[in-house]
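This is what each chain is made of:
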2 protein chains.
Amino acid sequence: MRTLTIDELNPAIRNVEYAVRGELAIKAEKYRTMLATMPKEEHKLPFDRVISSNIGNPQQKGLDQPPITYNRQIAALTEYPDLIEKTENIFPKDVIKRAQEILEEVGSIGAYSHSQGIPLIRKSVADFIAQRDGYPSDPEQIFLTAGASAGVALLLSMLIRQPNKSGVLIPIPQYPLYTATLAQYAGVPVPYHLDEESGWSTSPAHVRESLEKAHKEGVDVRALVVINPGNPTGSLLTEPIQRELVSLCEEHGLVLLADEVYQANLHYPDDYPFTSFKKIVREMNSKVALVSFHSTSKGVTGECGRRGGYFELENVSEEVRSQIYKMASVGLCPPVPGQVAVDCMVRHPREGDPSYPLWKKETDAIHAALAERTRTMVAKLDGLPGMAVQSTPGALYLYPRIDLPQKAVDAAHKVGKKPDTFYALALLDATGICAVSGSGFGQRGDEAHFRLTCLCAGVEEYVGKLERFHREFMTKYAD
Amino acid sequence: MRTLTIDELNPAIRNVEYAVRGELAIKAEKYRTMLATMPKEEHKLPFDRVISSNIGNPQQKGLDQPPITYNRQIAALTEYPDLIEKTENIFPKDVIKRAQEILEEVGSIGAYSHSQGIPLIRKSVADFIAQRDGYPSDPEQIFLTAGASAGVALLLSMLIRQPNKSGVLIPIPQYPLYTATLAQYAGVPVPYHLDEESGWSTSPAHVRESLEKAHKEGVDVRALVVINPGNPTGSLLTEPIQRELVSLCEEHGLVLLADEVYQANLHYPDDYPFTSFKKIVREMNSKVALVSFHSTSKGVTGECGRRGGYFELENVSEEVRSQIYKMASVGLCPPVPGQVAVDCMVRHPREGDPSYPLWKKETDAIHAALAERTRTMVAKLDGLPGMAVQSTPGALYLYPRIDLPQKAVDAAHKVGKKPDTFYALALLDATGICAVSGSGFGQRGDEAHFRLTCLCAGVEEYVGKLERFHREFMTKYAD
């Protein structure tokens, strides 16, 4: 009798890679434990804390984005409604009213909800979308999800109709959820590269080339994934490009999967406003099938742990909607506390509400901190010897390119590592800064990048450490 | 340009069936909306409320299982920690201490946690298991999940290594999550029938026959699913049978998937105590690969909406554990409020704690109500003309058999329905009682069953309605 071994597993599972929580994250976790449990003489690490710059996890311990009071007050009252009677002057009137409205709808938030999400909250989402875009939105076309990831995985699993034949166009660099999920369902990733030199812009002509190449190779391309604003790049599509992409999808019968999770993470929103694909599709009066994803994990909400999100269907037939509903129902329902977080995100306090002044102050502070840190980091890192950072409208991630000396590349290969992973591991070992190397997001063979989040407080000290490390690394391996 | 149609989807998705939230549930929802929005003259329904007896959703509106105060107080404090300072005499000292301990560990519950689950809470689970079984449990082998369903789906997706060839032994009747998930991943369901006449017992000899038959048909059988206590049957395995099943798995290299979600839903736990497969495997010193599932959705916790649960691995190699971890990490983390609910379930107040008296009172009342309702329902329904109900140790579901007259069967076929679905639809139309028909769980071709939950208050009135309906139905279609 043997224990279960890896050879007995679905081989597609082995092909899944997910770098954001991979080797670097696991090593950082180990260092964190060592720092917490060992004296300095024993752990001998050259740093006092691990700086988690690898995950867009705003409320992570040691990071700097506090939860919004309004969101947490609603959460507390919906969890424990007795507080409404038992307290005075703690909860503003609008908070109590909103919590009661949700409780009236669901009874207890401990109950399974409608599999598609609580109808009241789907209506809130539809109102938010209509307000944002100037076009109506139908709550029946909204699905609440456990974060955007769950929605993306569901849609991809449904669109891959033939293993190793159905393909999906994905940007490179991309958020590795896409390649991981495609690997799991044996879908073919059809990459299109973003153009780094022009701020990681998307070229519809290049997308078309990739599509045609895939067609020639016999791939049945089903969908186009667009991440806008970009992850890890922070780039923002212009409306003319969005229109061209919609036309391309129309022409080739592609489903457009619009990952719009970072729509509130923009540091100059007045100069570079976000335009949803929903709005573009409506403006064009297009019949392209569109699925747009959003999440409570980013923006000012930052409630990753709740697992809240939604997607909206546009131009999807009722029979397909029923299939999506059926699959959602197998998982019973999205987490109800996450659904409540969605409601708080899309139906936040308005001017005149008792909660508004505090909500405004807190959200303004988060936007300002993200913007400030992003700009400081770009200013300090771009132009270091062998490092270049595109300044993009996104305000959550930085994706510096590093031009590694050949000696570093050789040293990496010698220990069986990709050069950028070798660099990021050295960064972690020397400074405690945990980043994700570019190979996790995809890049051309000879390139090297790494992703940092703009969520860590003490940015001067942190970037100072990074700068010192980088200079030493480049000197050590100078050709 | 066409919209996305069903023919363009992954064909495996079309094969997924999930009756618990299927036709009957959708019709019940429609009636609920009609009752809420229309005057009686307009909706013309012969009932005033829909009785949701279809889903094990204890805190559903109109049902009767309140949340445990302790659980909700912990939830409120972890969501909004300011309450600790802002209130007096609302939260018992042990609640505050526990909430602070969790917050100390995670920082904010709005952050992504460790993908495998919060280490502190995995330790709580391991302690609970060790206490329950008398054998140690390792937190590294515990994965927290979004309900048991998410864990089951993950494991099945990993074990099906060849579409339409890898098989999994499942009980019939079964909880339809299993057939739905197997259909999604193109796994082959290998059914073994439970024996209704002996209280839905499991015969290892019959499991073996099913296995051998599948082998002959070229199916590569990977795993044995056991639901204990049973859903929908409420049956409880005896220890000798559990041992035989473990031996069978050993002999054939099967992974044992033990769905133990209903371990606290027993109405005579002193007479029929629950024994985990973990305990049996350890007692036998077996090397069988075992995955045991539990959930916060049932028992006295009943927090379905939170999506909390866990699985424990036993005799699973480290390389497989890493693969499971990797797949969990693609989904980032289980919902943190659900993880907190797991902690509350496995580490509830103990004698001497300030919260204990209320916790004891509340949980005793829930156990008593479930047991009482189960007994009342069995007593009233068993022996009605054409109806037979097995009395089993489980205290959440009833699974009556109905012997339908040929005229009813013919009438069903005439409208294209399975006979038991025809019966359950007629029940819903006449009384507002929503059940799930047996065809959703699997049964032999000529059988008819339906599942009721024992969660509805007013059991006398409700069962009275059901009895009247049943007598009229049997008369109407009498041969």
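Residues numbered from 1 in each chain as written. Chains lettered and ligands numbered in written order. Predicted model: local features only at pLDDT ≥ 70, side-chain atom pairs only at ≥ 80, totals over all residues. Heavy atoms only, no water.

Per an unreviewed UniProt entry, chain A goes by Glutamate pyruvate transaminase and derives from Pyrrhoderma noxium. What the UniProt record of chain A gives under Subunit (unreviewed entry) is the line "Homodimer." Looking at the Cofactor (unreviewed entry) heading of the UniProt record, one finds this comment for chain A: "pyridoxal 5'-phosphate". (UniProt positions renumbered as here; feature names shortened; annotations may be inferred.)

### A few points about empty space enclosed by the protein
This structure, assessed with the given rule, holds 16 cavities of 30 Å³ or more. Its boundaries defined by the atoms lining it, the largest cavity holds a volume of some 1,200 Å³. Ala146(A), Ala150(A), Ala146(B), Ala150(B) and Ala153(B) are, among the 49 residues lining the largest cavity, the residues nearest its centre. Every element with two or more residues in the lining of the largest cavity is listed here: β2 (142-145), α8 (147-159), α9 (177-184) and α13 (318-330) of chain A together with β2 (142-145), α8 (147-159), α9 (177-184) and α13 (318-330) of chain B. Per-class residue counts for the lining of the largest cavity are 30 nonpolar, 17 polar and 2 charged. Of the volumes computed, that of the second largest cavity is approximately 190 Å³. Contributing to the lining of the second largest cavity are 20 residues, with Ser149(A), Tyr175(A), Tyr262(A), Lys298(A) and Tyr112(B) lying nearest its centre. No other element matches the 3 residues that α8(A) contributes to the lining of the second largest cavity. Residues of the lining of the second largest cavity, tallied by class, amount to 10 nonpolar, 6 polar and 4 charged. (1 Å grid on protein atoms, 1.4 Å probe; cavity = no way out; pocket = protein on both sides within 12 Å on 5 of 7 lines; lining within 4 Å. Points joined across faces, edges and corners; volume = space filled by probe spheres on them. Helix = DSSP H or I, 4+ residues; strand = E, 2+ residues; numbered from the N terminus. Nonpolar A, V, L, I, M, F, W, Y, C, P; charged D, E, K, R; others polar.)

### Points about the UniProt feature "domain: Aminotransferase class I/classII large" (unreviewed entry) in chain A
The feature "domain: Aminotransferase class I/classII large" (unreviewed entry), as given by UniProt, occupies residues 89-463 of chain A in the numbering adopted here. In residues 89-463 of chain A, the share of helix is 43% and the share of strand is 15%. The end C-alpha atoms are 43 Å apart.

### Notes on the sheet that holds strand β13 (residues 436-437) of chain B
Residue and element names in this part refer to chain B. Pairing is antiparallel in the open sheet, where 3 strands are placed in the order β10-β14-β13. Each end of this open sheet is capped by a strand with a single partner; those strands are β10 (397-398) and β13. Here 2 bridges tie β13 to strand β14 (residues 450-453), and the two strands are oriented antiparallel to one another. Residue Val436 lies in a different strand from β14, and its bridge partner there is Arg451. (Pairing = 2+ DSSP bridges.)

### Details of the layout of surface pockets
In this approach the atoms are scanned with a rolling probe the size of a water molecule, which exposes any empty space left behind. What the second largest pocket holds in volume is close to 1,200 Å³. As for the second largest pocket, its lining consists of 41 residues, of which Glu29(A), Arg32(A), Gln60(A), His114(B) and Pro119(B) are closest to the centre. Counting residues per element, the ones that place at least two in the lining of the second largest pocket are α2 (23-37) and β1 (51-52) of chain A together with α6 (93-106), α7 (119-133) and α13 of chain B. With 10 residues, α2(A) is the largest single contributor of residues to the lining of the second largest pocket. Split into classes, the residues belonging to the lining of the second largest pocket amount to 16 nonpolar, 13 polar and 12 charged.

### Remarks on α9(A)
All names here are of chain A. Of all the 8 residues making up α9, 7 are buried; the element is thus mostly covered by neighbouring parts of the structure. For α9, the complete set of buried residues consists of Leu177, Tyr178, Ala180, Thr181, Leu182, Ala183 and Gln184. A positive phi of about 55° marks Ala186, the residue just after α9. (Buried < 20%, exposed > 50% of the residue type's maximum accessible area, 1.4 Å probe, protein only.)

### So, the interface of chain A and chain B
Taken together, the contact between chain A and chain B spans 93 residues of the former and 94 residues of the latter. In this assembly, chain A packs against chain B so that about 7,600 Å² is buried in total across both faces, 60% of it on carbon and sulfur atoms. For Arg72(B), the salt bridge is made with Glu79(A), and the minimal N-O distance between the two is 3.9 Å. Where chain A meets chain B, there are 37 residue pairs in polar contact (both at pLDDT 80 or more). Contributions of two or more residues to the side of chain A that touches chain B are made by α1 (11-14), α4 (69-79), α5 (82-86), α6 (93-106), α8, α9, α13 and α14 (336-346) of chain A. Broken down by element, the residue count for the side of chain A that touches chain B peaks at 8 residues, all from α13(A). In terms of residue class, the side of chain A that touches chain B is made up of 42 nonpolar, 30 polar and 21 charged. (Contact = heavy atoms within 4.5 Å. Buried area = accessible area lost by both parts, 1.4 Å probe. Salt bridge = Lys/Arg side-chain N within 4 Å of Asp/Glu carboxyl O. Polar contact = N/O pair within 3.5 Å; in protein donor to acceptor, adjacent residues only side chain to side chain.)

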